[in-house]
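For reference, the chains in residue letters:
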Amino acid sequence: MQQRGFAGGRAAKLAHAFRYYWSGEYDAALAIALPRIEGILREILRHHRIPIVQPPQGDSRGRVTLLTTLIDRMTDAGMHADWQAFLRLLLVDSDGGLNLRNSELHDLSDTETAPQTVAPVLLAALHVTAHAHQAAAPASGIRKEQRRG
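I will try to describe carefully the structure that is included in this document. Residue numbers restart at each chain and count upward from 1, following the sequence in its written direction. Where local features are concerned, this predicted model is filtered to residues with pLDDT of at least 70; where side-chain atom pairs are given and counted, the filter is 80 or more; whole-chain, interface and lining totals use all residues. Side-chain numbers come from the whole structure's heavy atoms, not from hydrogens or water.

## Things to note about the overall build of the chain
Convention followed: Put simply, DSSP H or I for four residues or longer makes a helix, DSSP E for two residues or longer makes a strand, and each gets a number counted from the N terminus. The contact criterion used is simple: two residues touch if any of their non-hydrogen atoms lie within 4.5 Å. Note that accessible areas follow from Shrake-Rupley with a 1.4 Å probe, and for residues the cover is restricted to the protein chains shown.
Within the chain, the secondary structure is distributed over 7 helices and 2 strands. The contacts in the chain between residues at least 6 apart in sequence include a share of 58% that link residues at least 24 apart. In the structure as shown, the chain presents an accessible area of about 9,200 Å², 50% of it carried by carbon and sulfur atoms.

## Side note on the packing of aromatic side chains
Here is the rule we go by: Here the aromatic set is Phe, Tyr and Trp, taking the six-membered ring for Trp, and pairing holds for ring centres within 6.5 Å; pairs whose planes are under 30 degrees apart are stacked, those over 60 apart are edge-to-face, and all others are tilted. Buried, partly exposed and exposed residues are distinguished by accessible area as a fraction of the type maximum, computed with a 1.4 Å probe on protein chains only: under 20%, between the cut-offs, and over 50%, respectively.
Counted under the stated rule, the structure contains 3 aromatic pairs. Summarising the aromatic geometry, the rings of Phe18 and Trp22 are spaced 5.6 Å apart at their centres and angled 45° between planes, so their arrangement reads as tilted. Of this pair, Phe18 and Trp22 both sit in helix H1 (residues 8-22), 4 residues apart, which is roughly one turn of that helix. Residue class for Phe18 comes out buried when judged on its relative accessible area of 15%. Among the residues examined, Trp22 registers a relative accessible area of 65% and is labelled exposed. Residues Trp83 and Phe86 carry aromatic rings whose centres are separated by 5.4 Å and whose planes lie at 85° to one another, so their mutual orientation is edge-to-face. With Trp83 and Phe86 both in helix H4 (residues 81-92), this residue pair falls 3 residues apart, about one helical turn. The exposure class of Trp83 is partly exposed, given its relative accessible area of 24%.

## With respect to the pattern of salt bridges
Note the following rule: One speaks of a salt bridge when a side-chain nitrogen belonging to Lys or Arg is within 4 Å of a carboxyl oxygen belonging to Asp or Glu.
All chains considered together, the criterion is met by 5 salt bridges. Between Arg101 and Glu38 there is a salt bridge; the shortest N-O distance is 3.1 Å. Pair noted here: Arg101 is in helix H5 (residues 100-105) and Glu38 is in helix H2 (residues 26-47), with a separation of 63 residues, a long-range link. A relative accessible area of 12% means that Glu38 is categorised as buried. The partner of Asp72 in a salt bridge is Arg88, and the shortest N-O contact between them spans 2.8 Å. Residue Asp72 is found in helix H3 (residues 67-72), and its partner Arg88 is found in helix H4; the two are separated by 16 residues along the sequence. Where salt bridges share partners, they join Glu38, Arg42 and Arg101 into one cluster.

## Structural notes on the packing of H2 against helix H6 (residues 115-136)
What counts is decided by this rule: Here the axes come from fitting lines to C-alpha atoms, over the contacting stretch only for helices, and the angles between their N-to-C directions go from 0 to 180 degrees. Roughly parallel means an angle under 35 degrees; roughly antiparallel, over 145; roughly perpendicular, 65 to 115; everything else is oblique. Each crossing is labelled by how the near helix is turned from the far one, with a counterclockwise turn of less than a right angle marking it left-handed and a clockwise turn marking it right-handed. Gly is placed with the polar residues, together with every amino acid not listed as nonpolar (Ala, Val, Leu, Ile, Met, Phe, Trp, Tyr, Cys and Pro) or charged (Asp, Glu, Lys and Arg).
At their nearest, the axes of H2 and H6 sit 9 Å apart, and the two run at 25° to each other. Classified by the angle their axes make, H2 and H6 are roughly parallel. Considering how the two elements wind past one another, H2 and H6 form a crossing that is left-handed. Packed against H2, whose contacting residues are Tyr26, Ala29, Leu30, Ala33, Leu34, Ile37, Ile40, Ile44 and His47, the element H6 presents Pro115, Val118, Val121, Leu122, Ala124, Ala125, Val128, Thr129, His131, Ala132, Ala135 and Ala136 at the interface. Here the residues of the contact of H2 with H6 sort into 18 nonpolar, 3 polar and no charged.

This is how it looks when you write it as structure tokens:
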């Protein structure tokens with residue numbers, strides 16, 4: 001059964017990533033989790049009225065905003081700068097980070113996927129999902145006191 005609401009469908013798909021992780025299918029877990037992180041981050045930013053697409057102008061077509069830019073805007077949506085740095089290093093930094101979004105989703109890695117590579121991706125997925133639900137809670141009528149308990 002698919003959940004409704006903010007990040008609900010993506011959260012249900014993330015559950016599959018965790019099942020794959022627990023069964024030792026690390027490539028499948030990454031393939032599911034990585035795009036969900038980006039999608040949920042887009043939802044969070046859109047919720048805060050932060051542009052996630054660049055509209056067409058003149059002869060140029062519109063385009064989606066790059067993940068690097070989305071991560072740069074995370075703090076504008078109330079997300080902590082430490083998580084911003086974590087996601088940048090984990091997903092897009094090719095100089096000092098793992099750059100997993102590009103290396104895995106563009107099939108640039110020829111090494112076997114290790115559980116210690118997938119675990120931080122799943123942690124990041126949990127964090128952005130939790131943040132998405134917190135952002136949506138006031139709109140759904142859940143008071144702050146109810147969310148704490």
